[in-house]
Amino acid sequence: MDPMMLLQMLVAALIAVVVYTAIGVAPGTDETAVLAPVTLALVVAGIPLPVVLSFFMAAIVAKKLTDSIPVSVAGIPGGVMSAPMVEHALTLKREGQATLAIRKMASGSVIGTLVAVPISLFLAFLLTPLADVLGQYASQIFFLGAVFLALMSREKVISLVSIVVLAALIQALRHFYWGMGVIPEGRVVFISFFLGITIGPMMFNLAQLLVNRERRAMTVAEPKTIQIYKTEDEHKLPNPFRILTRQETASAAASSVLGSVTFFMSPVGITIFLGEVMSSWVKGTVEKASRALSSMDAVTNAAYIAGILIPLAALGIPMSPMAIGPGNAFFNAPPVLTLEQNAHHLMSFSEIAIASIVGAAVALLITYPVAVRYARQICVFVFRHIPHEAFLAMFFALVMLLAYMDAGVMGILGVMVLALVAGLLNRWGVNYGVQFMTLYAAPWLMGLLA
Amino acid sequence: MPAKDRAFLNVWDDTVSGRDLLISLAIATLLSLGGFLLAPWPAPGPLVLGISGAIVGFLISALLFRPKRRLDIEGEA
């Protein structure tokens, strides 16, 4: 690989680390909503794929590391994936051990990353022969994936029903664009639909503000109060292997391997499951919570890294909640990438490996020491100085931009309709995985029923 | 601060003020779509300018408005 490319990868990783360290701390930021639009925009803008991949890997690792900061410092999740950890972090806080929680989680993150990168590349190597077969049945696989994720979710019935309904809406909009003549017949709009689903929950929230009754219900007299726990300052650089006991390191490593192997399952589900299993045979409140936190943080990292690397290096179709959500741009970003000709086909195995390792390494080396030393300061800075309005506005604008690029004013209207429906379904418990799989399966499914 | 600014809205897991939210949305959307439409073609130009517009919008809103959060910091009065 030529040194210019390597330099660009390093710079991209550095930018990702700075941006996603701040975003990771901000409350309520969903991984898909904050990563997917940016990655997509970078790919469509024509940035070289290894550079985007290095950016992406650095972003995940940095965000996963900093996600845990508000959990341990303020007891609020920094993202969907860290929600299951709040309970254990609160246990440590009650025991006066808030500092311990950050260290255990950050160290778990490090172990998860160190285990997941090689394991994923190895699994990818084993699974490569499957790629051709899977590629031929992509639509059917996505449909079965949607059904599988629907059956694994808490709201099974509405999830199953929504597969057909959402597919009908998506195809209706495509035919509407063709019929209005805003895009040539046969060209399939994808990006703006994907983003419409991504920011569905946020758009639904914004639409609610326009309804008098709903707005009154959302109005509060006081701003949200966030309690920042007392933590001890750390001055020397802590060694992640020394922070964890030998048993915790073993549990975290084992969880990471399992989290990598189950890359096609919902990462939140796996995280909760493995966290409970790993801590179930540990006695003592602090020990139990420490074991759960370090293992859970390791799994979330592993599940995310494996979820993107295995489909990317081996399969060529986004066959995991991670690949179909935040990492979607690597598989389908028309006109630059399509399902037949995407990052899997355009990047060699070694390019994928090098870009991932560069991204993950930069993020670990910078974010780990910063997160452990300045957890409290970062939290206070973001909470004090970055208004939630700014985040909402940026994501809203990015989606409007890409929708306009897809199909002009009609594209913006189409995305609003889709986002409203997707947001409502999300509120009812139809998760992103089901919705994204449906987006991919829609043409085949509607063709079957027509 | 006038009395009507004292009400806050719960949007996407955090509190915001309706007025600040509207202004932020307008700034970011205008800069982003404006950048896209005014940028010189060919291809990556408009998109790069559009994305930059969204990011500049983020920075402007971040400087213009204060977060609506109350911090209760242990160990600080």
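Not measured: the values here are computed from a predicted model.

Asker: Where do I start with the overall build of chain A in this structure?
Answerer: A tally of regular secondary structure across chain A gives 20 helices and two strands. Computed over the C-alpha atoms, the radius of gyration of chain A is 21 Å, within 12% of the 22 Å expected from 2.2 N^0.38 for a compact globule of 450 residues. Seen through its principal axes, chain A has C-alpha atoms that stretch 65 × 55 × 45 Å. When each of the 450 residues of chain A is scored for burial, the buried share is 61%. Partitioning the contacts of chain A with sequence separation of at least 6, the portion at a separation of at least 24 is 80%. Total accessible area on chain A is roughly 16,800 Å²; 68% of this is exposed by carbon and sulfur atoms.

Asker: I'm lost on the UniProt feature "transmembrane region" (unreviewed entry) in chain A in this one. Help?
Answerer: Residues and elements named next belong to chain A. Here, the residues flagged by UniProt with the feature "transmembrane region" (unreviewed entry) are residues 34-62, 110-128, 134-151, 158-177, 189-211, 298-317, 352-371 and 391-424. Secondary structure across residues 298-317 divides into 90% helix and 0% strand, with the first and last C-alpha atoms of the span separated by 25 Å. Here residues 391-424 runs as 100% helix and 0% strand, with 21 Å between its end C-alpha atoms.

Asker: Help me out: how do you make sense of the UniProt feature "transmembrane region" (unreviewed entry) in chain B in this one?
Answerer: Within the UniProt annotation, "transmembrane region" (unreviewed entry) is assigned to residues 21-41 and 47-65 of chain B. Annotation note: span residues 47-65 of chain B, helix share 95%, strand share 0%, distance between end C-alpha atoms 27 Å.

Asker: Looking at this structure, how should I read the interface of chain A and chain B?
Answerer: The parts lose accessible area when they come together, and the size of an interface is often stated as this lost area. Taken together, the contact pairs 51 residues of chain A with 44 residues of chain B. A combined buried area of about 4,600 Å² lies between chain A and chain B, and 69% of that area is made up of carbon and sulfur atoms. Linking chain A to chain B there are two salt bridges. Summed over the shared surface of chain A and chain B, the result is 13 residue pairs in polar contact (both at pLDDT 80 or more). If you tally residues by element for the side of chain A that touches chain B, the top one is helix α19 (residues 388-427) of chain A, at 16 residues. For the side of chain A that touches chain B, the class distribution of residues is 35 nonpolar, seven polar and nine charged.

Asker: How should I be thinking about the nonpolar core in this particular structure?
Answerer: Leu206 and Phe330 of chain A together with Val11 of chain B are the most contacted members of the largest nonpolar core, which totals 166 residues. Counting eleven residues, the second largest nonpolar core, distinct from the first, contains Val86, Leu92, Met105 and Val286 of chain A.

Asker: I keep staring at the pattern of salt bridges and nothing clicks. Help me out?
Answerer: Think of it this way: side chains of opposite charge can pair up when their charged atoms draw near. Per the counting criterion, the structure on display carries six salt bridges over all chains. Glu222 of chain A is the salt-bridge partner of Arg70 of chain B, the closest N and O atoms lying 2.7 Å from each other. One end of the pair, Arg70 of chain B, is in strand β3 (residues 69-73); the other, Glu222 of chain A, is in the loop between β1 (219-220) and β2 (224-228), on a second chain. Judged by its relative accessible area of 45%, Glu222 of chain A falls in the partly exposed class. Between Glu389 of chain A and Lys68 of chain B there is a salt bridge, with its nearest N and O atoms 2.9 Å apart. In this pair, Glu389 of chain A sits in helix α19 while Lys68 of chain B sits in the loop between α2 (44-64) and β3, so the two residues belong to two different chains.

Asker: Please explain the side chain of Thr29 of chain B as it appears in this structure.
Answerer: With respect to the helices, strands and loops of the structure, Thr29 of chain B is situated in helix α1 (residues 18-38). Setting aside chain neighbours within four positions, we find Thr29 of chain B in contact with Phe396, Ala397 and Met400 of chain A together with Gly34 of chain B.

Quick notes on the rules
Residues numbered from 1 in each chain as written. Chains lettered and ligands numbered in written order. Predicted model: local features only at pLDDT ≥ 70, side-chain atom pairs only at ≥ 80, totals over all residues. Heavy atoms only, no water. Helix = DSSP H or I, 4+ residues; strand = E, 2+ residues; numbered from the N terminus. Rg over C-alpha atoms; globule rule 2.2 N^0.38 Å. Buried < 20%, exposed > 50% of the residue type's maximum accessible area, 1.4 Å probe, protein only. Contact = heavy atoms within 4.5 Å. Areas by Shrake-Rupley, 256 points an atom, 1.4 Å probe, with all protein chains shown as cover. UniProt positions renumbered as here; feature names shortened; annotations may be inferred. Buried area = accessible area lost by both parts, 1.4 Å probe. Salt bridge = Lys/Arg side-chain N within 4 Å of Asp/Glu carboxyl O. Polar contact = N/O pair within 3.5 Å; in protein donor to acceptor, adjacent residues only side chain to side chain. Nonpolar A, V, L, I, M, F, W, Y, C, P; charged D, E, K, R; others polar. Core = buried A, V, L, I, M, F, W, Y, C linked by side-chain atoms within 4.5 Å.

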